[in-house]
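Chain by chain, the residues:
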Amino acid sequence: RGHRARVLQRRRLLQVLVPAASQLQAWWRVVLGERQLRKLRSVVERFTEGHRRLVAELCAMLQTADAPAEPAHCERTTTAAVGEVRATTNGGSGGWLSPSERRTSDAPDAAARGRRFPMWVTLRVGLPEDAPSPPAFGGSQIYSARTAALRRAGGALGTFFCDASNVDTRDDDGHYLVRRSWKHFDAILDFMRDGSCSLPGGYVPTTYDTRPPSSEDDELLEFVREVAYYGLPELLLQAMRKLLTLKYGANPQTLALLKARGLPVG
């Protein structure tokens, strides 16, 4: 009887320690399920990485545009304030004039002499020669605008032309330098002048054209970044709304989630 009891005890232990085939199958299904879940999560993260970066970038632009700005008092705004605007809208890069490009003078500054900007000013818009620029949009272009219109539009240009100490910060040809690509500046300047402009569309190159093809949402994203740099909230919302409609207009659930994040949709 003692031997029989020991045999039964060992059998019970074996049943506990060695799982049955059904238990092994259930455990293996769990292992495979977790492995497939990790693979699926990795695929989803790679597929949505561009979307998540875009949403984060647009939300950051809106936060900058919605930040309360101090009222600009023309002819009294400090140059330091202009530098803060440039750093906020472009991550500290870019800017207006480098010291070597400015006209220097030993006379008192413009504000002390009562100097003012002329009624019409000219802007040389373009990236430096050593900076990468969009294909077919290298070099610089000259634009003219009324100083009052630029001030009225606000944003970075309005702040710059409200500061009398910037009157003499011109290049040797008498132009105020804007170190940005001029690709979308025509439309942005139209908005500053008239309060409206045409949003960019896709581009299909013609024969012997050096400009590469681009889709409408690619052009709009470039435009949105430029508008955010110049600090024009109304135009930013208008362009951003069209961009989101193009990319996600066929997905109401995604639009609802974007709206919950505070992005302009619909």
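Each chain has its residues counted from 1, running along the sequence as written. Only residues with pLDDT of 70 or above have their local features reported here, since the model is predicted, and side-chain atom pairs are shown and tallied only from 80 upward, although totals for entire chains, interfaces and linings are computed over all residues. With hydrogens and water set aside, each side-chain value is computed from the structure's full complement of heavy atoms.

A. Focus on the nonpolar core. By nonpolar core we mean a set of buried residues, namely Ala, Val, Leu, Ile, Met, Phe, Trp, Tyr and Cys, connected to one another through side-chain atoms within 4.5 Å. Buried residues are those whose accessible area, probed at 1.4 Å on protein chains only, stays under 20% of the maximum for their type, while exposed residues exceed 50% and partly exposed ones sit between those limits. The biggest cluster of nonpolar side chains holds 49 residues, and the ones touching the most others in it are Phe-161, Phe-223, Tyr-230, Met-240 and Leu-263. To qualify as a helix, a DSSP run of H or I must reach at least 4 residues; to qualify as a strand, a run of E must reach at least 2; elements of each kind are numbered from the N terminus. The element that contributes the greatest number of residues to this core is helix 8 (residues 216-230), accounting for eight residues. An automatic or database domain assignment is the source of the domain bounds shown. The two domains that each donate at least three residues to this core are domain 1 (1-66) and domain 2 (120-261). Among all residues touching Tyr-230, those that are not within four sequence positions of it are Val-125, Gly-155, Ala-156, Leu-157, Val-178, Arg-180, Phe-185, Ile-188 and Met-192. In this analysis, two residues are considered to be in contact whenever any of their non-hydrogen atoms come within 4.5 Å of each other.

B. View of the pattern of salt bridges. Only one rule defines a salt bridge in this text: a Lys or Arg side-chain nitrogen within 4 Å of an Asp or Glu carboxyl oxygen. If you walk through the whole model with that rule in mind, you get twelve salt bridges. Salt-bridge contacts for Asp-168 lead to Arg-115; the nearest nitrogen and oxygen are separated by 3.5 Å. With Asp-168 in the loop between helix 6 (155-160) and strand 3 (176-178) and Arg-115 in the loop between helix 4 (110-113) and strand 1 (120-126), this residue pair connects regions lying 53 residues apart in the sequence. Looking at Asp-168, the relative accessible area reads 23%, which means it is partly exposed.

C. Highlighting the packing of helix 7 (residues 185-194) against helix 8. As a packed pair, helix 7 and helix 8 sit with axes 10 Å apart at the nearest point and diverge in direction by 45°. With respect to each other, helix 7 and helix 8 are oriented oblique. For the pair helix 7 and helix 8, the sense of crossing is right-handed. On helix 8, the residues that touch Phe-185, Ala-187, Ile-188 and Met-192 of helix 7 are Phe-223, Glu-226, Val-227 and Tyr-230. An axis is simply a line fitted to the C-alpha atoms; with a helix, the fit covers only the stretch in contact. Between two such axes, the angle follows the N-to-C directions and lies from 0 to 180 degrees. Roughly parallel covers angles under 35 degrees, roughly antiparallel covers those over 145, roughly perpendicular covers 65 to 115, and oblique covers all other angles. Left-handed describes a crossing whose near helix is turned anticlockwise from the far helix by less than a right angle; the clockwise case is right-handed.

D. Inspection of the sheet that holds strand 1 at higher detail. What the three strands build is an open sheet, ordered 2-1-3; its pairing is mixed. In this open sheet, the two edge strands, each paired with only one partner strand, are strand 2 (140-146) and strand 3. Strand-to-strand twist of the sheet, defined as the mean angle between neighbouring strand axes without regard to direction, takes the value 30°. Here strand 1 pairs with strand 3 via three bridges, running parallel. Looking at the pairing, Arg-124 lines up with Leu-177 of strand 3. The strands touched by helix 7 within the sheet are strand 1 and strand 2, with strand 2 carrying the most contacts at an inclination of about 5°. For two strands to pair, DSSP has to find at least two bridges joining them.

E. Just a positive patch on the surface, in detail. Taken together, the side chains of Arg-35, Arg-38, Lys-39 and Arg-41 present a region of like positive charge at the surface. Mapped onto the secondary structure, Arg-41 falls in helix 2 (residues 21-66). Here Arg-41 falls in the partly exposed class, since its relative accessible area comes to 43%. What makes a patch is a set of residues exposed beyond 30% relative accessible area and free of salt bridges, joined within 9 Å when like-charged and within 5 Å when nonpolar (Val, Leu, Ile, Met, Phe, Trp, Tyr). Only the protein chains shown count as cover for residues, with accessible areas throughout obtained via the Shrake-Rupley method and a probe of 1.4 Å. Under this rule, positive means Lys or Arg and negative means Asp or Glu; His and the chain ends count for nothing. To locate a charge, take atom NZ for lysine, CZ for arginine, CG for aspartate or CD for glutamate.

Just geometry here; none of it tells us what the structure is for.
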